[in-house]
Amino acid sequence: SPHPASPAPSASASATRAPTIASDAVIVTIGDSIMSGYGLDPDQAWPVLLGEQTHTDIVNLSCAGAGFVVDGDCGTNFSALAQEAIDLDPAMIILQSSDNDSDEDADDIDSATRDTVEELHSALPSTRIVGLSTLWNQPWEAPQSIAWSSDALRSAVEAADGTFVWLGQPLQENPELLQWDSEHPTAEGQEYLARHVRAVLAHVGIVL
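What counts and how
- Residues numbered from 1 in each chain as written.
- Predicted model: local features only at pLDDT ≥ 70, side-chain atom pairs only at ≥ 80, totals over all residues.
- Heavy atoms only, no water.
- Helix = DSSP H or I, 4+ residues; strand = E, 2+ residues; numbered from the N terminus.
- Buried < 20%, exposed > 50% of the residue type's maximum accessible area, 1.4 Å probe, protein only.
- Contact = heavy atoms within 4.5 Å.
- Polar contact = N/O pair within 3.5 Å; in protein donor to acceptor, adjacent residues only side chain to side chain.
- Disulfide = S-S within 2.5 Å.
- Axes fitted to C-alpha atoms, helices over the stretch in contact; angles between N-to-C directions.
- Left-handed = near helix turned anticlockwise from the far one by under 90°.
- Expected span 1.5 Å × (residues − 1).
- Arc of directions from axis to C-beta.

Draft legend 1. Looking closely at the environment of Asp101. By secondary structure assignment, the location of Asp101 is in the loop between β4 (92-96) and α4 (106-123). With a relative accessible area of 1%, Asp101 lands in the buried category. For Asp101, the residues in contact, after removing those within four places along its chain, are Gly67, Phe68, Val69, Val70 and Ile109. A polar contact is formed between the side chain of Asp101 and the backbone nitrogen of Val70, at a distance of 3.0 Å.

Next comes the structure, spelled out in structure tokens:
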């Protein structure tokens, strides 16, 4: 790859279940427009690419414009997407906090994130919950709320005996992988994210 190596991720985990996901298991991803492949064909979104790379059944429930607090183009925030995930009874749910919540109050971000993760864990106690930190792709320094959203998800996922993974800001460091808006990945950027996410998951023992 012509791009620099990703920084070593940090993670916290309290789950004790076997990290390898069975080949016939379903994984659900919940996130925003970066995860949904905004501006591209939905099949170019990184969760779809990751599923193809690993021969895993990944159902991408991401919604452009949505966050744990803010409603997106689908008319809801992540809480309703969580209900869709519950209906699929997946082996793993990968949630990513979003910069769409960046104008929200820290307490509101924390409570909405906690409520959604608690709902998932209560309905699916044997499903592994994985949280991914918020991406900020703009060329300027991220607002404090980006850290708030990541911290809120980390706390909620740890309380659900899940695994939180810090992704860093791989796309901010590679602006050529972003579309004209300096926000959404190009097709190459989505491929890079798929590799990056796969690598950081493997680093914490989650092998797809």
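The discussion continues.
Draft legend 2. Just the state of the cysteines, in detail. Scanning the entire structure with this criterion turns up one disulfide. A disulfide bridge connects Cys63 with Cys74, and the sulfur atoms are separated by 2.1 Å. Taking the torsion about the S-S bond as the criterion, the Cys63 to Cys74 disulfide, at about -110 degrees, is left-handed. Here Cys74 lies in the loop between β3 (57-60) and α3 (78-88) and Cys63 lies in the loop between β3 and α3, a separation of eleven residues in the sequence. On the basis of relative accessibility, which here comes to 4%, the residue Cys63 falls in the buried class.

Draft legend 3. Up close: the packing of α4 against helix α5 (residues 144-159). Relative to each other, α4 and α5 sit at 35 degrees, their axes nearing to 9 Å. Where α4 crosses over α5, the two elements pack in a sense that is right-handed. On the side of α4, the interface is formed by Ala106, Ile109, Asp110, Thr113, Arg114 and Val117, while α5 contributes Trp148, Ser149, Ala152, Leu153, Ala156 and Val157.

Draft legend 4. Highlighting helix α6 (residues 187-203). The terminal C-alpha atoms of α6, which comprises 17 residues, lie 25 Å apart, in line with the 24 Å expected from a rise of 1.5 Å per residue. Looking at α6, one finds that the buried residues are Gly189, Gln190, Tyr192, Leu193, Ala194, His196, Val197, Val200 and Leu201. Summarising the contacts, the buried residues of α6 are in contact with α1 (33-36), α2 (46-54), β4, β5 (128-132) and β6 (163-165). At the exit of α6 stands Gly205, carrying a positive phi of roughly 90 degrees.

Draft legend 5. Highlighting α5. Helix length check: α5 (16 residues) gives 23 Å between terminal C-alpha atoms against 22 Å at 1.5 Å per residue, within 8%. When we look at burial in α5, the residues that qualify are Ser145, Ile146, Ser149, Ser150, Ala152, Leu153, Ala156 and Val157. One side of α5 holds all its buried residues, which, seen down the axis, span an arc of 155 degrees. Residues of α5 that are exposed and point over 90 degrees away from its buried face: Gln144 and Ala159. Buried residues along α5 sit against β4, α4, β5 and β6. Backbone geometry just downstream of α5 places Asp161 in the positive-phi region, at approximately 60 degrees.

As far as function goes, none of this settles anything; it's purely spatial.
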